[in-house]
Amino acid sequence: MSMIEFKDVEKYYGDFHALKDINLDVETGETVVLIGPSGSGKSTLIRSVNGLETIQKGQLIVNGQDLADPKTNLNRIRKDVGMVFQHFNLYANKTVLENIMLAPRLVLHRDEAENKKVAMGLLERVNLVDQANKYPSTLSGGQQQRIAIARSLAMKPKALLFDEPTSALDPEMVNDVLKFMREIAQDSSMTMLVVTHEMGFAKQVADRVIFMADGQILEDSPTKEFFEQPSEPRARKFLSQIVH
Amino acid sequence: MQELIQAYSWINLRFLLMGLWVTIEVSVISIGLSFVIGSLLGIIRYMKLGWFSKIVGFIVDVIRNLPLLLIIFFTYFGLPKIGIHMGVMMSTTVAMTIFESAMIAEIVRSGILAVPKGQLEGALSNGLTMPETLWHILLPQAYKKMIPPLVSQFVSLIKDTSLATIIMLPEVTFRAQTIYAQKPQAIIPMFIMLALLYFVLNFTVSQLGSYFDRRMEA
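Residues numbered from 1 in each chain as written. Chains lettered and ligands numbered in written order. Predicted model: local features only at pLDDT ≥ 70, side-chain atom pairs only at ≥ 80, totals over all residues. Heavy atoms only, no water.

Peer 1: Explain empty space enclosed by the protein here, please?
Peer 2: Regions of empty space are outlined by a rolling probe, equal in size to a water molecule, passed over the atoms. Tallied over the entire structure, the rule returns two cavities of 30 Å³ or more. Considering only enclosed or pocket space, the largest cavity measures out at about 50 Å³ in volume. When residues of the lining of the largest cavity are traced back to their parent elements, those giving at least two are α2 (74-80), β6 (81-84) and α5 (141-153) of chain A together with α6 (117-125) of chain B. Residue composition of the lining of the largest cavity, grouped by class: two nonpolar, five polar and three charged. Of the pockets and cavities examined, the second largest cavity occupies roughly 40 Å³. Lining the second largest cavity are B:E3, B:Q6, B:A7, B:K183, B:Q185 and B:A186. (1 Å grid on protein atoms, 1.4 Å probe; cavity = no way out; pocket = protein on both sides within 12 Å on 5 of 7 lines; lining within 4 Å. Points joined across faces, edges and corners; volume = space filled by probe spheres on them. Helix = DSSP H or I, 4+ residues; strand = E, 2+ residues; numbered from the N terminus. Nonpolar A, V, L, I, M, F, W, Y, C, P; charged D, E, K, R; others polar.)

Printed below as a string of structure tokens:
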């Protein structure tokens, strides 16, 4: 069953054609990595999956609901589809623990004791229990990003979207975040769509790699095939520039 | 010297202080009401709720660009023509509330806009509704940023209550005028006393503001 399905999707910013004829199917439990040069539309594509960007044409069906339909309740989609951002976007006015507990409390009405147990469990998984009562601004980027991922997981989502989760991190922080993402990907029921430049991560974790340029999907291949023999010349060129 | 002491006689001072109390009453009520109304208008305009927000935005822009004095004339001289009669105190308070609500609406709206967009996107992606996002994430951060502009708006409101001398509201400036109208020698001592009273009042308000600002920073 597909979790995310783009059918002939078009997106414009004014005159700029940001997404061109996008057709893409992400099955439940799949991990798909999206790569491409900057300005290729990767972020726009992933942000449209939970309605942060609106599409102008086509159908975008996420968890059984069509985002192109104005009657679709975005909150219901977002409840099941978490998102992790390049700049973490933790709530600046809440402690780490409150960051994780807020949405489950408000949206899922999770019992307070249970909520805290889940949140502390997640902090334990990322080795940040001792930071529970601190504010995000006092933590390193790597810590903040792991907490942001924990915040998304606390909602027990069916799918997670990652928009360049390690691009704003110092190199020594990247591995902790990738390690956590690899663990999450091992859960066979979790669907993951990841925009990243981390080719090592893509090789290890992705079921499929999508290559985008100029708002189009140029290649959509199983990971091994993509890295060994990319069919698209631009993908080949892109890989030669970033894989050493 | 003799004249100075006479100008600051207990009777005169008491008369002035009663006026200061009127100033404070009008200010406190207007500040309270316009904070609530202005916040609502600012939030409505921020949320872009179609024509509703556009109409609110238009009204706010119109009021912000009118002189407060005109609004005071409107509530005191204009409204009675359509059958709404209010006393001087009420007319002033209503006029100040209308004007200040519009000013505060824009402070609130720009305060919310000044919160980094990632906070909004993070909260929405986390499943929160727009009202929940506003209440739990955006407004707490916005009000923190808004303390300095809000305080200076409140200070100018307090000073602007003196405009109501024109419709003879017996506030502190009006009473000073009453005193020196009878005794022209008292004119300088009265100005000095007025300056002192306004300064103490407004300085207290801005110190209070800085205190909250520091406390929220901590």
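Peer 1: I'm lost on the interface of chain B and chain A in this one. Help?
Peer 2: The interface is formed by 16 residues belonging to chain B together with 23 residues belonging to chain A. With both sides pooled, the region where chain B packs onto chain A buries about 1,600 Å², and carbon together with sulfur makes up 51% of that total. Our count for the chain B to chain A interface comes out at one salt bridge. For B:E121, the salt bridge is made with A:R47, and the minimal N-O distance between the two is 2.7 Å. The tally of links from chain B across to chain A stands at ten residue pairs in polar contact (both at pLDDT 80 or more). (Contact = heavy atoms within 4.5 Å. Buried area = accessible area lost by both parts, 1.4 Å probe. Salt bridge = Lys/Arg side-chain N within 4 Å of Asp/Glu carboxyl O. Polar contact = N/O pair within 3.5 Å; in protein donor to acceptor, adjacent residues only side chain to side chain.)

Peer 1: Mind showing me how you'd approach the layout of surface pockets here?
Peer 2: Considered as a void within the structure, the largest pocket measures approximately 560 Å³ in volume. If you trace the largest pocket, you find 25 residues lining it, with A:G51, A:L52, A:E53, A:T54 and A:R78 closest to the centre. Elements that contribute at least two residues to the lining of the largest pocket include exactly α1 (42-49) and α2 of chain A together with α5 (88-113) and α6 of chain B. With four residues, the single largest contributor to the lining of the largest pocket is α6(B). Among the residues forming the lining of the largest pocket, the class breakdown is 14 nonpolar, four polar and seven charged.

Geometric values such as these leave the question of function open.
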